[in-house]
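Commentary on secondary and tertiary structure
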Amino acid sequence: MIAVGVDPRVTGAQRYSVDVEREGMLHAAFVRSPHAHAEVREVDASAVPAECVVLVPEDVAGLGPCGCQARDQHVLAGPARYAGDVVAAVAAPTREAARAAARLVEVDYEERPAVFDAVAAVAPGAPLLHADAAASAQDAVSIGVRPLAGTNVCHRFQIHHGDVAAGFAEADVVVEEAFRTAGAAHAPMEPHAALAEWEDGRLTVWTGTQTPFNTRTDLAGLFGLAEEDVRIVAPPMGGSFGAKTFVRTEAVVAALARKAGRPVKVVLDRTEEFVTLNRHPATIRVRIGARRDGTLVAKELDCWVDTGAYADCGPGVATKLGYAGVGPYRIPHVRVDSLAVYTNLPPNGAYRGYGAMQSVWASERTMDVLADRLGVSPLELRRRNLLHDGDRFATGEVMHDVQFERCLQAAADAVGYEDDPRGKGLCVLLKGMQTPSRAAIVVERTPVGFLLRSAGCEMGQGVRQSLRLQGAALLDCEPGQIEVPDPDTDTTPYDTRTTSSRTTHMMGRALAEAVADLRSNGAGRGFGEIVNEGGLDPDTGQGVASTHWHQGAAAARVAVDEETGKVTIRDLHAAVYAGRVVHREGAELQNEGSMVMGLGTAMFEALDVGEGQIANANLSDYNLPALGDLPARFTHELVEREGAEVHGLGETALPPVPAAIGNALYSLGLDVRELPITAERVLDAVDGREGAGKAAA
Amino acid sequence: MSTGPVSWEAPATLDEALALRARHGDEATVVAGGTFLGILLNQGFIRPVRLLSLGRVAGLREIEVAGGELRLGAMATHRNVERHPGVREGWPAIAHAFSVVASRRVRNQATVGGVLADADYASDPPAVLAAHDARVVLRSPAAEREVRISELIRGYYETCIASEELLVGVRVPPAPQRAVYRKFRSRSREDRPCVAVAAARAGDELRVVVGAVAQTPQAFPEVCAAAAGRRPDRALAEEVGRRYAERIEPLADARGSAAYRRRVTAVEVRRAVEALAEEAPDGARAADGRAGREGRP
């Protein structure tokens, strides 16, 4: 039997970051702080066997700080700023020996006061996490970071559009609501894994990462090397969802390898995954005003975005969360104030949806409250205010290729919303793509076809297949004739990163240029690059938020056991604007995966952080959705347009799911403000409805 | 997570297993299906030096119906129990309770003996077995004894199993006229119960056992005795539910607060007792969380 086309992930042939090996390598284990905030007074490694190499604070004293948007991280933490912060590390011949040795490292801590909530962390007198974190100048495409000195605010993003006071004065109805979302784990099947090796002063790191060039920049700065003296190779990942972005384990294994004089590899265990990178919990207050006829006139958003102990890309998340919360609506007067706030929790970073879910939950739930007050249909209220081609968004940019109404109508139709809206809810969203950004690709002729050198990272989303398909169409060959090796910063041209659903869109455009170059230069090698300009002024929110908009909608139909609060989701539908579809099966799987994650976010997933210790740091207590949790009708569609360009769609179907379900409950008079929508919260809402005497419909 | 050499012993006969258990006592961690033990090991909660596997012991996987009694071997898997024609025919509520545990992958591995000896408060089988007045068979090299579930499970992960004993099986008396098991999950379908209610009617006798709400399965014989002989109608069901809810001292975990569990206990006990009055349509597939017969897999 010929195994043509058998997926190597199924046969086991696929090698991942966890599979990388080098001769003579050691295995690392990390010593983590049990305290949420503590000075590290002394690290005593005298009990560790001589065969092990131990990385202690003195070893890294000369190394610079790192961090993609604020340089607030060091190789080893001192002080420890969350329970799980790495304060020392051990390398040994086996992983088991390293873990045993790590337990022998004695650390003397002096505990400090800690804070675990972003709203509490900005209150006067809150414990401060970073006295002097500097904004990172290393990330060429980073946003302007606006820390508030002497506070835990590492970034403040504002939008000032129109005059909100005047806007609210024109409003006949004003609604003000507050919402919260929980922290969540990415939970990819493959944990973080990295292997570092030094040779003649040059550092090579094999690591499962979505950000090879950003990681290279940060490591070069940290070790005082030229960027060319750091090489990052990114094997395929067994899932990431944003977890494997920027420097995670790479700095520690690189420092260990330097001290050991041998390659060092680390593979985290499942418990460690829960203290490595999570999703930002957020508290969001929305105030919105409308005229009696449903025309929106003013909106204010105040957002507290908990970035945990280190900023990571929290400033970026707070920014995108801030403008996504405005929603895809024409609103003449808008004020947004979005704070990325340090707390003594594990760092929070990129997570599929990148801030949009949190603010869309708040914003779209508020739309239904407003519709209720105005006595209009939530669908009609949205339709009346949706952005269309040529409209100006709150950032001042003019919208193009706008398909919100098509997405919303498709979602509404899928659940028969206009026949009977009871037990049904809608949500429509706008989400931006990383802007500014750059993508470049090289195409080379080979004896059997072509080879594409691209830093687009494979994490299961199918980037290699989408490049092959786009390449085959452009090069007039079969996809199987196109080879796509792993990203390698020594041999692949610069790409901003594989995030924000940008790669098929950006790399595809770069590929078209590279193919044109190949055809015209006759050299057997073509180069293509796309540079997108833009970005927002963090103080006014004006500029270009996104060169390309992710647009989608979702609809849900629910049934509620009002004696227990248990919700059954009967139908769930997502409609996502795809422009032109490159790889239909892959695009459909992206929609499904996003919806399943949205379902988990909506109903189950919450990190139990208590007093800083994650109490459910395992996949038994932390509840992910199972196949049996999918609604009886679980459907989605790709909204397409003839002649459109390729639109990113890897995340779009996640953010609208929680609000669609929340609004379906609201149509029954059940007002839930906090995610996840636990049975207990729904039962509280049942009590609240009875108490308030609110009409069910 | 474990370190250092761990000895693994996998005897082929029960006598050998009992001898090893007697020799090593609690130093030997007994391995059945390993689904729970694996979690404990992976999280580093335990670091055993000696593992005693019952996986090769002949005869412990048997499920048999004899003299009207059901006998479950300690190494019978959940999936074996839920699919066994004799269990489905004679003790459908037990078959149902085992069928709603976690996922099929877990049920193919997890065993009857393992789930009882773990004494995890949030497992499904203990409550349903208690409501059927099942006896757990504990054997040492010298003797065998039988204990009720209420004697076996003493607290969180704590049983009355002595250090020289092994749990070798479960004996379930002839089935009551009607029994139900309701698993209320507050989260995923593959989650453990937030509140689990097993109820049985045998002659005039009513038995109601509530699992997952406290350290041990909760039964209040005085409440059930007051209901004996009365028709299990809505009023009686409500009364039993209310009294159970008053009497339990619920715990709080990720699946629900204590106050929430108390409230759901009243509802779910009521529903379980009401279901005792219903006759399940013969051969019909019982809805999830409902009583009665499991359909074809």
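**Considering the overall build of chain A**
Regarding its fold elements, chain A presents 17 helices and 29 strands. When its C-alpha atoms are laid out on the principal axes, chain A stretches across 75 × 65 × 50 Å. Taken across its 697 residues, chain A has 60% of its residues classed as buried. Put simply, 80% of the contacts in chain A that link residues at least 6 apart link residues at least 24 apart.

**Observations concerning the overall build of chain B**
Counting its secondary structure elements, chain B contains 12 helices and 14 strands. A compact globule built from 297 residues should have a C-alpha radius of gyration of about 19 Å, and chain B, at 19 Å, falls within 12% of that. Taking the contacts inside chain B whose residues are at least 6 apart along the sequence as the reference set, 65% of them involve residues at least 24 apart.

**Regarding the domain arrangement of chain A**
Residues and elements named next belong to chain A. Splitting chain A by domain gives domain 1 (9-112 + 192-267), domain 2 (278-434 + 540-692) and domain 3 (437-532). Each of domain 1 and domain 2 has a C-alpha centre, and the two are 36 Å apart. With 17 residues of domain 1 at the contact, the number on the domain 2 side is 18 residues. A per-class count over the side of domain 1 that touches domain 2 returns 7 nonpolar, 7 polar and 3 charged.

**Observations regarding the interface of chain A and chain B**
Taken together, the contact between chain A and chain B spans 23 residues of the former and 19 residues of the latter. The set of elements that each furnish at least two residues to the side of chain A that touches chain B consists of helix H3 (95-102), helix H8 (270-273) and helix H17 (679-692) of chain A.

**Here we look at the environment of Cys427 of chain A**
Residues and elements named next belong to chain A. Tracing the chain through its elements places Cys427 in strand E20 (residues 424-432). Owing to 33 C-beta atoms within 10 Å, Cys427 belongs among the buried residues under this scheme. Considering only alpha carbons, one finds Cys427 and Val686, 259 residues apart in sequence, at a separation of 22 Å. Not counting residues within four places of it along the chain, the set of residues in contact with Cys427 comprises Val360, Glu364, Ala553, Ala554, Pro656, Ala659, Ala660 and Asn663.

**Let's talk about the domain arrangement of chain B**
Examined at the domain level, chain B breaks down into domain 1 (7-53), domain 2 (63-172) and domain 3 (182-277). Taking only C-alpha atoms into account, the centre of domain 1 of chain B sits 34 Å from that of domain 3 of chain B.

**Describing the packing of helix H11 (residues 234-247) of chain B against helix H12 (residues 258-277) of chain B**
Each pair of packed helices can be summarised by the angle the axes make with each other and by the distance between the axes. Residues and elements named next belong to chain B. With their axes 7 Å apart at the nearest point, H11 and H12 run at an angle of 145° to one another. When you trace H11 past H12, the crossing you get is right-handed. Between H11 and H12, the residues in contact are Arg234, Leu236, Ala237, Glu238, Val240, Gly241, Arg242, Tyr244 and Ala245 and Arg262, Arg263, Thr265, Ala266, Val267, Val269, Arg270, Val273 and Glu274, respectively. Classifying every residue of the contact of H11 with H12 gives 9 nonpolar, 2 polar and 7 charged.

**Quick word on helix H11 (residues 378-385) of chain A**
Buried within H11 of chain A are the following residues: Pro378, Leu379, Leu381 and Arg382 of chain A. For H11 of chain A, the arc enclosing every buried residue in end-on projection is 165°, short of the 170-degree limit, so these residues lie on one face.

**Digging into the sheet that holds strand E2 (residues 28-31) of chain B**
All names here are of chain B. Pairing within the open sheet is parallel, and its 3 strands lie in the order E1-E3-E2. Only two strands of the sheet have a single neighbouring strand rather than two, namely strand E1 (7-9) and E2. Neighbouring strand axes in the sheet, compared pairwise and without regard to direction, differ in orientation by 25° on average. Here E2 runs beside strand E3 (residues 50-53); their pairing, made up of 4 bridges, is parallel.

**Re the confidence of the model for chain B**
Residue and element names in this part refer to chain B. Summarising the model, chain B shows a mean pLDDT of 92, and 92% of its residues fall at 70 or more. Here residues 281-297 is a poorly scored stretch, pLDDT under 50, and it has 35 contacts once near neighbours within four places are set aside; other chains count. Confidence estimates for the predicted assembly give a pTM of 0.95 and an ipTM of 0.93.

**Regarding the environment of Arg135 of chain B**
Residues and elements named next belong to chain B. Its place among the elements puts Arg135 in strand E6 (residues 135-139). By the C-beta count within 10 Å, which is 20 here, Arg135 ends up buried. A C-alpha to C-alpha distance of 4.7 Å links Arg135 and Arg148, two positions 13 residues apart in sequence. Residues contacting Arg135, with those up to four places away along its chain left out, are Glu146, Val147, Arg148 and Arg171.

**Quick word on the sheet that holds strand E18 (residues 333-342) of chain A**
For sheets, the rule is that strands pair by backbone hydrogen bonds, running either parallel or antiparallel. Residues and elements named next belong to chain A. Pairing is mixed in the open sheet, where 5 strands are placed in the order E8-E18-E17-E16-E9. The sheet terminates laterally at strand E8 (153-161) and strand E9 (173-181), the two strands that pair on one side only. Averaged over all neighbouring strand pairs, the angle between strand axes comes to 5°, with direction disregarded. Contacting E8, strand E16 (282-290), strand E17 (296-308) and E18, helix H9 (residues 314-324) runs over the sheet at an angle of about 155° to E18.

**Things to note about the nonpolar core**
Residues Ala28, Val90, Leu256, Ala411 and Leu665 of chain A together with Ala198 and Val208 of chain B are the most contacted members of the largest nonpolar core, which totals 314 residues. Residue contributions to this core peak at 9 residues, all from H12 of chain B. Each residue touching Val208 of chain B, except ones within four places of it in the same chain, is listed here: Val197, Ala199, Ala219, Cys224, Val240, Tyr244, Val269, Ala272 and Val273 of chain B.

**A look at the pairing of E16 of chain A**
All names here are of chain A. Within E16, 7 of the 9 residues are buried, which leaves it mostly tucked inside the rest of the structure. With 9 bridges connecting them, E16 and E17 associate as antiparallel partners. Residue pairing across strands places Gly289 opposite Ala298, the latter belonging to E17. The antiparallel hairpin formed by E16 and E17 contains 5 residues in its connecting segment, where Gly294 sits at a positive phi of about 95°.

**Structural notes on unusual backbone geometry**
Across residues other than glycine, the phi torsion is negative in most instances, and most of the peptide bonds are trans. Across the junction of Gly78 of chain A and Pro79 of chain A, the peptide omega takes the value 5°, indicating a cis bond. By the element assignment, Pro79 of chain A lies in the loop between strand E4 (70-71) and strand E5 (86-92). Residues other than glycine seldom take positive phi values, yet Phe246 of chain A does so here, at roughly 60°. Relative to the helices and strands, Phe246 of chain A is located in the loop between strand E13 (230-233) and helix H7 (250-260). Accessibility expressed as a C-beta count within 10 Å gives 27 for Phe246 of chain A, which makes it buried. Although it is not a glycine, Ala212 of chain B adopts a positive phi angle of roughly 75°. Positionally, Ala212 of chain B belongs in the loop between strand E13 (205-211) and strand E14 (218-219).

**Notes on the pairing of strand E7 (residues 144-148) of chain B**
All names here are of chain B. As paired strands, E6 and E7 are joined by 5 bridges and run antiparallel to one another. Looking at E7, one finds that Arg135 is bridged to Arg148. Counted along the chain from E6 to the antiparallel partner E7, the turn is 4 residues long.

**Digging into the packing of helix H13 (residues 463-475) of chain A against helix H14 (residues 503-521) of chain A**
All names here are of chain A. H14 packs onto H13 with a crossing angle of 30° between their chain directions and a minimal axis gap of 10 Å. Crossing hand, H13 versus H14: right-handed. Touching Val463, Ser466, Leu467, Gln470, Gly471, Leu474 and Leu475 of H13 are Thr503, Thr504, Met507, Gly508, Leu511, Ala512 and Val515, all from H14. Here the contact of H13 with H14 is composed, by residue class, of 8 nonpolar, 6 polar and no charged.

**Section: the environment of Val145 of chain A**
Structurally, Val145 of chain A is set in the loop between strand E7 (134-135) and E8. C-alpha separation for the pair Val145 of chain A and Thr319 of chain A, spaced 174 residues apart in sequence, amounts to 9.9 Å.

Reading the values: rules and limits
- Residues numbered from 1 in each chain as written.
- Chains lettered and ligands numbered in written order.
- Predicted model: local features only at pLDDT ≥ 70, side-chain atom pairs only at ≥ 80, totals over all residues.
- Helix = DSSP H or I, 4+ residues; strand = E, 2+ residues; numbered from the N terminus.
- Buried ≥ 20, exposed ≤ 12 C-beta atoms within 10 Å, placed from the backbone.
- Contact = placed C-beta atoms within 7 Å.
- Rg over C-alpha atoms; globule rule 2.2 N^0.38 Å.
- Domains from an automatic or database assignment.
- Nonpolar A, V, L, I, M, F, W, Y, C, P; charged D, E, K, R; others polar.
- Axes fitted to C-alpha atoms, helices over the stretch in contact; angles between N-to-C directions.
- Left-handed = near helix turned anticlockwise from the far one by under 90°.
- Arc of directions from axis to C-beta.
- Pairing = 2+ DSSP bridges.
- pLDDT = per-residue confidence, 0-100.
- Core = buried A, V, L, I, M, F, W, Y, C linked by C-beta atoms within 7 Å.

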